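Structural description and commentary
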Amino acid sequence: MLRFVVRRLLQMVGVLLVLSLLVFVWLRSLPGGPVSALLGERQTEARREALEQALGLDQPLPVQYVRFMQRALQGDFGVSTQVLPGEDALDIFLSRLPATLELSFFALVIAVALGIPLGYVAARRKGTALDTTTVIFSLVGVAVPVFFTAFLLKYFFAVEWNLLPVSGRQSIGLDATRVTGLFVLDGILTREWDAAWDALKHLVLPSLALATIPFAVVFRITRASVLDVLDEDYVRTAEAKGLTARVIRGRHVLRNAMLPVVTTVGLQVGALLSGAVLTETVFSWRGVGQALAEGFLQKDYPVLQVLIMAAAAIYVLVNLLVDITYALIDPRIRTR
Amino acid sequence: MSTQRIQPAARHGEPLLAVRDLRVTFGRRGEEPFRAVDGVSFDVRPGQTVGLVGESGCGKSVTSLAIMGLLPTRGNTVEGSAVFDGEDLLSLSAPQMRDRRGADIAMIFQDPLSSLNPVIQIGRQVTEVMERHQGLSRKEAMPKAADLLERVGIPDPTARLANYPHQLSGGMRQRALIAMALACQPRLLIADEPTTALDVTIQAQILALLKELVVETGTAMVMITHDLGVVAGLCDEVNVLYGGKIVERGDRHTLFARPRHPYTVGLLNSIPRLDAPRGEALSPIPGSVADNLPWDSACAFAPRCPNALDVCVRQTPQWDGDDVVGLRCFNPMAVSR
């Protein structure tokens, strides 16, 4: 197991190295660039050259990349040029991370807490109205773009019916103590219940919007997987032993049916990260996704580089966790 | 496990299981319903081993699943009765049937790998049935599980308890399944093609084991197989099924020595024999089981039968016999083979 983890971590280093090169070249092949964005209409040839020199953008790409990597390996990812000029790019990422973590966590909890039980029930009642309804609902969930869902939720629940806050993570003017940067957790840790409740209310709509696609995917995989497992001979064996329905469901059906679901949940982290860009923008949620959107609009190379690499690292790490979980559930993987 | 020896029951003792006029119909939406089992009746007496023999699709597995209450809850109808120890299994509620399964009636299946849960240790899969029916804790049941594994011939049983199915060989897996089936000392064991997925040498071992266990524990057994070799070695009484009906019944010796139904003869002739002259072709039964069998107005075997008469395609042959011996044929083979 330890060897497996170490091997996967080494693989992750390789992935990140290749990715750093791709991101670096790709960003610089985009039209525009930080210099024209910075100078705007006051652009002259002389000013342009001076700024390029100052930013090191006059050097050939390979030289720029080597320099970037040299600094990056020391934890220096450069300084933001536009999003928060002068701010360390890594600090921007770290300050935005808790907001996105909180949002993604709630979205994932909603997706899993609804998707797995509903998927199981739909499979057990295959062909009934309940099954059909949930299948259609989940199809809609995948098909409708996240930003559209987000706008709809916001329009009805926040604007029309005024049930939940329109945007942000906590009400302005609320005096809350910061501990972890995860506002709900902070409120609980400091026993500032009003702050926790307020943060939770702010979380509902964005996390629902963000959860739609992961929910739909988890639901459909669970349903398909449970249907497969219900047909397995070992479920019949369990029935032949006269085991209770509860034991058969938990020990024999769900445990096996969860294998593909676990993998899917890991892959959904990618959907959460990309969905966060849209959801955070719609709800003015000051997280990584929003910073990424700003960085793109303003061609902030250092910020973009950090955010994309970090997102990739998170994705790879989560899927490593998924593989470890998988090996814990399925003994056939362990002995391989 | 009890080691008392029970003499093979007298022929006409009270049956442990009496299946009467069992019919299983699968309703497929938009299609004509398909009758997989069409009025099957047979008895199993305590300690007796009864064979249900036939080729794929003859309804033998469906018969066993219907008796066990393991058919899908929707899409089929089961009629008739299966009286076990004075109680009709087919009229029991689902929870009542759960109390019977694994305790009074156990079953072993064809493919031991797919019949074992791949993510649960063998020991747990043996103990769970004792936990369910004997009220033991897992801790109490574990040593018993080791005893059971030893009893079915698994070497180093205590270590095997912690193994997963994929770590055992095919024969060991089937032994483990047999251990699970026998864990609560059932009075009836239904074995559905228990050796089909195994190597020939392992088949022989498993059959020997089953034979030994049946004698030792006095468990009655229903052996479902397409393999007449299995029947020859194991069964006291044999029922030959074709198209959901029993077409011939008799004790093992009589059936092998003097088969009457052309289908039984065909099955016997389909067995490759090592002592046959070189180059002699096997004589298989031509054709295969039709999907919807015309039992209502004819003999379903008639299209494949070498002995078919005109009457065979115009009239349904009736059962001529009782619960010990019988035949369903207009033109049986001559008594000497």
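Residues numbered from 1 in each chain as written. Chains lettered and ligands numbered in written order. Predicted model: local features only at pLDDT ≥ 70, side-chain atom pairs only at ≥ 80, totals over all residues.

**Structural notes on the overall build of chain A**
Of regular secondary structure, chain A possesses 14 helices and zero strands. Helices and strands in chain A line up, N terminus first, as α-α-α-α-α-α-α-α-α-α-α-α-α-α. In terms of overall dimensions, chain A has C-alpha extents of about 85 × 55 × 40 Å along its principal axes. Out of the 336 residues in chain A, the part that is buried amounts to 37%. Of all intrachain contacts in chain A linking residues separated by at least 6 positions in sequence, the fraction that spans at least 24 positions is 71%. (Helix = DSSP H or I, 4+ residues; strand = E, 2+ residues; numbered from the N terminus. Buried ≥ 20, exposed ≤ 12 C-beta atoms within 10 Å, placed from the backbone. Contact = placed C-beta atoms within 7 Å.)

**Things to note about the interface of chain B and chain A**
Listed by partner, the interface residues are 27 residues for chain B and 21 residues for chain A. In terms of residue count, helix α3 (residues 122-134) of chain B provides more of the side of chain B that touches chain A than any other element does, four residues in total. Of the residues assigned to the side of chain B that touches chain A, the class counts are 13 nonpolar, seven polar and seven charged. (Nonpolar A, V, L, I, M, F, W, Y, C, P; charged D, E, K, R; others polar.)

**Thoughts on the domain arrangement of chain A**
Residues and elements named next belong to chain A. According to the domain assignment, chain A contains domain 1 (15-73) and domain 2 (96-334). Centre-to-centre, using C-alpha coordinates, domain 1 lies 36 Å away from domain 2. With eleven residues of domain 1 in contact, the opposing surface of domain 2 contributes eleven residues. The set of elements that each furnish at least two residues to the side of domain 1 that touches domain 2 consists of α1 (2-29) and α2 (34-39). (Domains from an automatic or database assignment.)

**Notes on the UniProt feature "transmembrane region" (unreviewed entry) in chain A**
Residues and elements named next belong to chain A. Per the UniProt record, "transmembrane region" (unreviewed entry) is found at residues 9-27, 103-123, 135-157, 203-221, 257-278 and 306-329. Strand forms 0% of residues 9-27 and helix 100%; the C-alpha atoms that close the span are 26 Å apart. When the span residues 135-157 is considered, its composition is 91% helix and 0% strand, and the gap between its end C-alpha atoms is 24 Å. (UniProt positions renumbered as here; feature names shortened; annotations may be inferred.)

**A short note on the UniProt feature "domain: ABC transmembrane type-1" (unreviewed entry) in chain A**
Feature annotation in UniProt places "domain: ABC transmembrane type-1" (unreviewed entry) on residues 97-326 of chain A, given in this structure's numbering. Between the end C-alpha atoms of residues 97-326 of chain A the distance is 27 Å, and the span holds 81% helix and 0% strand.

**Description of the environment of G181(A)**
As for its position among the elements, G181(A) is in the loop between α7 (146-160) and α8 (183-189). For the pair G181(A) and V322(A), spaced 141 residues apart in sequence, the C-alpha to C-alpha distance is 25 Å.

**Considering the sheet that holds strand β12 (residues 326-327) of chain B**
Residue and element names in this part refer to chain B. Spatial ordering of the open sheet is given by β6-β7-β8-β3-β9-β10-β12-β11, a layout of eight strands whose pairing is mixed. The open sheet has two free edges, formed respectively by β6 (105-108) and β11 (320-321), since each of these has just one partner strand. Two strands pair when backbone bridges link them, and strand β9 (residues 237-242) and strand β10 (residues 245-251) are joined in this way by six bridges, in the antiparallel orientation. Its bridge partner lying in β10, E237 is registered against D251. (Pairing = 2+ DSSP bridges.)

**Considerations on the confidence of the model for chain A**
Per-residue pLDDT for chain A has a mean of 85; in total, 99% of the residues score no lower than 70. Across chain A, the element-wise mean pLDDT spans from 74 in α2(A) up to 93 in helix α10 (residues 233-240) of chain A. (pLDDT = per-residue confidence, 0-100.)

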